[in-house]
Amino acid sequence: MAKTATPKKAAPKGGATADEGFVLRSLQDAHAASPRFQASDDELLTFYEQMVLIRRFEEKAGQLYGLGLIGGFCHLYIGQEAVAVGLQSALDSQRDSVITGYRDHGHMLAYGIDPKVIMAELTGRGAGISKGKGGSMHMFSVDHKFYGGHGIVGAQVPLGAGLAFAHKYREDGGVCMAYFGDGAANQGQVYEAFNMAALWQLPIVFVVENNGYAMGTAVPRGSAETHFYRRGTAFRIPGMHVNGMDVLEVRAAAEVALAHVRAGKGPVLMELQTYRYRGHSMSDPAKYRTREEVQEMREKHDPIDAARAELIERGIAEDRIKEIDKRIRAVVGEAADFAENSPEPEMSELYTDVLVESY
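Residues numbered from 1 in each chain as written. Predicted model: local features only at pLDDT ≥ 70, side-chain atom pairs only at ≥ 80, totals over all residues. Heavy atoms only, no water.

Novice: How should I be thinking about helix 12 (residues 318–341) in this particular structure?
Specialist: For an α-helix, 3.6 residues make a turn, and residues three or four places apart therefore share a direction. End to end, helix 12 covers 35 Å across 24 residues, agreeing with the expected 34 Å (1.5 Å per residue, within 8%). Within helix 12, burial applies to Ile321, Ile324, Asp325, Ile328, Val332, Ala335, Ala336 and Ala339. Structurally, helix 12 contributes buried residues whose contacts are with helix 2 (41–66), helix 5 (115–122) and helix 11 (303–313). (Helix = DSSP H or I, 4+ residues; strand = E, 2+ residues; numbered from the N terminus. Expected span 1.5 Å × (residues − 1). Buried < 20%, exposed > 50% of the residue type's maximum accessible area, 1.4 Å probe, protein only. Contact = heavy atoms within 4.5 Å.)

Shown next, in the form of structure tokens:
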């Protein structure tokens, strides 16, 4: 007796079909095909200078914190410089927006904001970029399209989705780059933001800066899925895994991600594997890792040393590199002097910026 063919079930209305062509690794493959940005000598010198600026600025901030001139929390970016420089060098500062968590000084410097007003903010001075009222964790500049500096873990991610929605609504061609850490990656609001960004095809690059330890817990102890670039799979967001200690690899990956987003294909999730040399904050003794581990990262994987070595290999004179180092130390010294000699905010500033009275 002939068997009766089983009718195929119709796909439910509103549901995804099996042949939509989503390929998880499509962007990773594109990145692997050209893993490092082909920078000119001048471009690599610029990247080197920006990374050195962040490093020296953060070292000075650590000194001022130790002297009591910076109060509250202070989270340094030392070791992670290649991430902000590599990614933000690919952005258009005239239209693209950036938002991050409370380890934010490096991102502001990478976006070209004056070191003087950043240092003044760290020291709570009226000349600071947030009038001395934000401090280390809550810096902000609408003029520079830098929207924080946020103290609540993961809170910046849905705000970043909102910035991306604004770019799309205004049709201004801008992209939002929203940074968060491996610790924040376990926050529920992150995945709500993923869902809405994918559903509405928002122009946003989600960036996980995976420095391995969140606030002091190693990634394998706190995350069931330790490959953070896979976290967007459920929302059909392509992921990329990138060596965040190589500024040219970061820049190359940024080119791939931004091309995808600017083409109107929706969000991208990037995981930048990086490392912080200091503790989570200035008050963290970082006893959860060995000195040998930190030393090995400094000696074998430092992004600034790697860029310097490549410049020398290209034939750039060491005197030219030393001149950059000397100039940056002077810039940071001037920023510290400016901050220390700037007055504190007037008492009347306590009552400003509390409520937006007009829109």
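Novice: Would you mind showing me how to read the packing of helix 2 against helix 9 (residues 247–262) here?
Specialist: A packed helix pair is summarised by two numbers, namely the angle formed by the two axes and the spacing between the axes. Direction vectors running N to C along helix 2 and helix 9 enclose 110°, while the axes themselves pass 11 Å from each other. On the basis of their axis angle, the class for helix 2 and helix 9 is roughly perpendicular. The residues of helix 9 that touch helix 2, namely those facing Leu44, Phe47 and Met51, are Val247, Leu248 and Arg251. A per-class count over the contact of helix 2 with helix 9 returns 5 nonpolar, no polar and 1 charged. (Axes fitted to C-alpha atoms, helices over the stretch in contact; angles between N-to-C directions. Parallel < 35°, antiparallel > 145°, perpendicular 65-115°, else oblique. Nonpolar A, V, L, I, M, F, W, Y, C, P; charged D, E, K, R; others polar.)

Novice: What is the right way to look at the packing of helix 11 against helix 12 in this model?
Specialist: With their axes 10 Å apart at the nearest point, helix 11 and helix 12 run at an angle of 145° to one another. Counted together, Arg308, Leu311 and Ile312 of helix 11 and Glu318, Ile321, Lys322 and Asp325 of helix 12 form the full contact between these two elements. For the contact of helix 11 with helix 12, a count of residues per class yields 3 nonpolar, no polar and 4 charged.

Novice: Could you clarify how one ought to interpret the packing of aromatic side chains in this entry?
Specialist: When we look at a pair of aromatic rings, we describe it by the centre distance and by the angle of the planes. Applying the stated rule across the entire model yields 11 aromatic pairs. The interplanar angle of 75° and the centroid separation of 6.1 Å between the aromatic rings of Phe194 and Phe235 together place this pair among those described as edge-to-face. Pair noted here: Phe194 is in helix 7 (residues 188–199) and Phe235 is in the loop between helix 8 (219–222) and strand 4 (239–243), with a separation of 41 residues, a long-range link. Judged by its relative accessible area of 1%, Phe194 falls in the buried class. It is Arg251 that lies over the ring of Phe37; its NZ or CZ is 4.4 Å from the centre. (Phe/Tyr/Trp six-rings, centres within 6.5 Å; stacked < 30°, edge-to-face > 60°. Lys NZ or Arg CZ within 6 Å of the ring centre and 35° of its normal.)

Novice: How should I be thinking about the sheet that holds strand 1 (residues 97–99) in this particular structure?
Specialist: Strands in a sheet are paired, the pairing made by backbone hydrogen bonds, and the direction either parallel or antiparallel. An order of 1-2-3-5-4 is seen for the 5 strands of this open sheet, with the pairing classed as parallel. Taken across any chain shown, the strands that pair with only one partner, and hence form the sheet edges, are strand 1 and strand 4. Each adjacent strand pair in this sheet contributes to an overall mean axis angle of 20°, direction not counted. As paired elements, strand 2 (residues 176–181) and strand 3 (residues 204–210) share 6 bridges and run parallel to each other. Across the sheet, Tyr179 pairs through a bridge with Val207, a residue of strand 3. Where helix 1 (residues 26–33) meets the sheet, its contacts fall on strand 4 and strand 5 (268–273), and the angle it forms with strand 4 comes to roughly 35°. Packing of helix 7 onto the sheet brings it into contact with strand 2, strand 3 and strand 5, and relative to strand 3 it is tilted by some 150°. (Pairing = 2+ DSSP bridges.)

Novice: How should the pairing of strand 3 be read in this particular structure?
Specialist: For a regular strand, the rule is simple: side chains alternate between the two faces of the sheet. With respect to burial, strand 3 is a largely interior element, 7 of its 7 residues being buried. What you see with strand 3 is no split at all: Ile204, Phe206, Val208 and Asn210 on one side and Val205, Val207 and Glu209 on the other are buried throughout. Viewed along the sheet, the connection from strand 2 through helix 7 into strand 3 turns out right-handed. One ladder, built from 6 bridges, connects strand 3 with strand 5; its direction is parallel. Across the sheet, Glu209 pairs through a bridge with Leu272, a residue of strand 5. (Right-handed = clockwise from strand over helix to strand, strands pointing away.)

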